[in-house]
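# Residue-level structure breakdown
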Amino acid sequence: MLIRPFCPDDVAFAAHPSELEGWSVAARDYESPVQYEPQGCFTAQVDGEPVGVALTVTYGKLGWVSSLVVKQAQRGHGYGQALLDRAVAYLFDRGVRTVGLDATPGSADLYLRSGFQPAFDILYLKRPPQPAPNASAGPVGPLRARDLHAVAMFDWPCFGSGRGRALRGLLQLSPVAVLAQDGAGVGGYLMARVTHDHWTIGPWVCTRAAEALLTHALQAIGAEPAHVGVPTANAAALQLVHAHGFAEYYRETRMYQGDPEGIGRPECIHAIANSEKG
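Cut-off values and rules
- Residues numbered from 1 in each chain as written.
- Predicted model: local features only at pLDDT ≥ 70, side-chain atom pairs only at ≥ 80, totals over all residues.
- Heavy atoms only, no water.
- Helix = DSSP H or I, 4+ residues; strand = E, 2+ residues; numbered from the N terminus.
- Buried < 20%, exposed > 50% of the residue type's maximum accessible area, 1.4 Å probe, protein only.

### Structural notes on the environment of Gly95
Counting through the fold element by element, Gly95 comes out in the loop between helix H3 (79–93) and strand E5 (98–103). Overall, Gly95 belongs to the partly exposed group, its relative accessible area being 31%. Through-space distance from the C-alpha of Gly95 to that of His77 is 30 Å; in sequence the pair is 18 residues apart.

### Quick notes on unusual backbone geometry
The step from Gly202 to Pro203 runs through a cis peptide bond, and the omega angle for that step is 5°. Positionally, Pro203 belongs in strand E10 (residues 198–206). In this model, His196 sits at a positive phi of 55°, which is unusual for a non-glycine residue. Position of His196 among the secondary structure elements: in the loop between strand E9 (185–195) and E10. One non-glycine residue, Ala209, lies in the positive phi region at around 65°. By secondary structure assignment, the location of Ala209 is in the loop between E10 and helix H7 (210–221). Residue Ala209 is classed as partly exposed on the basis of its relative accessible area, which comes to 25%.

This is the structure in structure tokens:
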């Protein structure tokens, strides 16, 4: 087996096994880490053919394993372990203090064997097509590019590290983006974008005005279906999305290696961006 740098031609390969797993991953989700962190993306190759990929991205002192996928027919040969070891070594060599990832139910044992610890679960919920609720009162308005510096500074302690570059990219993909801000400063924000046949809500990070942010977003989304990934450590967020018609359908586990400070404050994270971006 050869582990080589990931290249643009590998995007279609990486997306295909993800589709077989039933993951809602678009090709652009693989392109983003390659653009942000080209030296931290790897392909495992056997007899000249790709069999697996590992993609990473760094957010300051936090390193993120965006994707680790091996073709089903090639599993059980240690390719996933080798890719993970290469990815983690790369991230710590870059000077990160924490490496994080979101583990699917079938992959958690691999990460545990590699020294990762569970931090909290991510509960995925979906809201079927239905009329949007009335927008709750609150200091909520559009989130624009000029707001991103203040939003990134607010987001930093909540997420666990600075991710301004990623937030800028997500905003470009998010037709719905709202900001809660008043005289006390930024109180939260929410972005939502179309993924396949539904809207994905996230990131949604706030210390106040959570319901106002959600209902303003649902008003903009209208009667279309929406999905959201909520940390189980945030009981208030789970209660809120259940109250607005979301029902559970899937679960992953956020895991980390290194300094636990890098996992941030999940009580402020009402929805993750996605498992590829954290």
